[in-house]
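Report on the structure
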Amino acid sequence: MSEERSRCAGAPLRLAIVGIGVAGNARLAAAAGVPGVEIAALVSRRPLPGALRMDQALDRADIDALAISTENADHERSARAALERGKHVLCDYPLAFGAKALAELFDLARRKRKILHVEHIALLTRSHREARRLFSGLGALTEGSFTFTAGWSPAEADVRRSGPFPSPGPRVTSDRE
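Every value quoted in this text rests on a predicted model; they were computed, and no experiment measured them.

Of the regular secondary structure elements, the protein chain holds 6 helices and 7 strands. Its helices and strands taken in sequence order, the protein chain reads β-α-β-α-β-α-β-α-β-α-β-α-β from the N to the C terminus. Taking all 177 residues of the protein chain together, 32% fall into the buried category. For the protein chain, restricting intrachain contacts to residue pairs at least 6 apart in sequence, the fraction spanning at least 24 positions comes to 60%. Per element, the accessible surface of the protein chain, about 11600 Å² overall, is 57% carbon and sulfur.

Next up, the structure:
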């Protein structure tokens with residue numbers, strides 16, 4: 001068998017949740033309901049019963065991917081270590097604090113033929129809770145988007161420095177239109 005665990009058709013993606021705070025618990029709850037995904041481990045920097053350390057998770061051949069929900073300053077180091085060990089990575093925003101580091105991480109993912117996905121958990125924001133309250137009377141939501149803009153400075157919004165290109169803005173559609 002190759003170094004990478006052989007995945008038969010129908011075999012679950014075995015996921016480790018890294019960080020067991022608010023964001024990590026949100027990831028855990030969301031992943032628990034996804035067909036084809038199996039929670040293989042919880043990873044914590046604190047000694048918790050049943051939780052692994054990061055190095056232990058990286059050493060496990062039966063873990064295919066890591067969902068990184070730790071402190072922002074730890075994202076780049078954890079994602080790089082996971083990719084170097086042949087793991088797919090889902091990382092909370094921000095992945096890194098500079099364009100060079102971001103380019104290096106995405107290049108590493110390409111070379112290792114691994115998925116690297118960065119996501120902002122907007123569902124945890126006060127803005128999202130307020131939007132849900134405001135839209136609750138509209139009926140079933142059939143389509144929508146959420147653009148995160150809170151706290152950005154003009155320099156951070158400059159696409160020459162930060163990318164990706166800005167979205168055209170929020171668009172919400174209801175079945176009552």
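A separate point is the packing of helix H3 (residues 75-84) against helix H4 (residues 99-112). Where H3 contacts H4, the axes come no closer than 9 Å and their chain directions differ by 20 degrees. Between H3 and H4, the angle is such that the two are roughly parallel. As H3 runs across H4, the sense of the crossing is left-handed. For the pair H3 and H4, the contacting residues are Glu76, Ala79, Arg80, Leu83 and Glu84 in the first and Ala101, Glu104, Leu105, Leu108, Ala109 and Lys112 in the second. Per-class residue counts for the contact of H3 with H4 are 6 nonpolar, no polar and 5 charged.

Our next topic: the sheet that holds strand E2 (residues 37-43). Taking strand neighbours across the sheet as the criterion, the 5 strands line up as E2-E1-E3-E4-E5 in an open arrangement whose pairing is parallel. Each end of this open sheet is capped by a strand with a single partner; those strands are E2 and strand E5 (116-119). Across the sheet, the mean angle separating the axes of adjacent strands is 20 degrees when strand polarity is ignored. Examined bridge by bridge, strand E1 (residues 13-18) and E2 share 6 bridges and lie parallel to one another. Across the sheet, Leu13 pairs through a bridge with Val37, a residue of E2. Together, strand E3 (65-68), strand E4 (88-92) and E5 form the strand contacts of H3, whose direction differs from that of E4 by roughly 170 degrees.

Within the span of H3, buried status applies to His75, Ser78, Ala79, Ala81, Ala82 and Leu83. Contacts from the buried residues of H3 go to helix H2 (54-59), E3, E4, H4 and E5. One or two steps after H3, the chain reaches Gly86, where phi turns positive at roughly 80 degrees.

What follows covers the environment of Ala31. Considering the arrangement of structural elements, one finds Ala31 in helix H1 (residues 22-32). The buried category is assigned to Ala31, whose relative accessible area is 9%. Each residue touching Ala31, except ones within four places of it in the same chain, is listed here: Leu15, Val37 and Ile39.

This part is about the pattern of salt bridges. Applying the stated criterion to the full structure yields 14 salt bridges. Across the salt bridge formed by Asp92 and Arg27, the nearest N and O atoms sit 2.7 Å from each other. Linking Asp92 in strand E4 with Arg27 in helix H1, this pair joins segments that are 65 residues apart in sequence. An identical accessibility class is assigned to Asp92 and Arg27; each is buried. Residue classification places Arg27 among the buried residues on the basis of a relative accessible area of 11%. Residues joined by salt bridges that share partners form a network here, namely Arg14, Glu38, Arg60 and Asp62.

The rules we used
Residues numbered from 1 in each chain as written. Predicted model: local features only at pLDDT ≥ 70, side-chain atom pairs only at ≥ 80, totals over all residues. Heavy atoms only, no water. Helix = DSSP H or I, 4+ residues; strand = E, 2+ residues; numbered from the N terminus. Buried < 20%, exposed > 50% of the residue type's maximum accessible area, 1.4 Å probe, protein only. Contact = heavy atoms within 4.5 Å. Areas by Shrake-Rupley, 256 points an atom, 1.4 Å probe, with all protein chains shown as cover. Axes fitted to C-alpha atoms, helices over the stretch in contact; angles between N-to-C directions. Parallel < 35°, antiparallel > 145°, perpendicular 65-115°, else oblique. Left-handed = near helix turned anticlockwise from the far one by under 90°. Nonpolar A, V, L, I, M, F, W, Y, C, P; charged D, E, K, R; others polar. Pairing = 2+ DSSP bridges. Salt bridge = Lys/Arg side-chain N within 4 Å of Asp/Glu carboxyl O.

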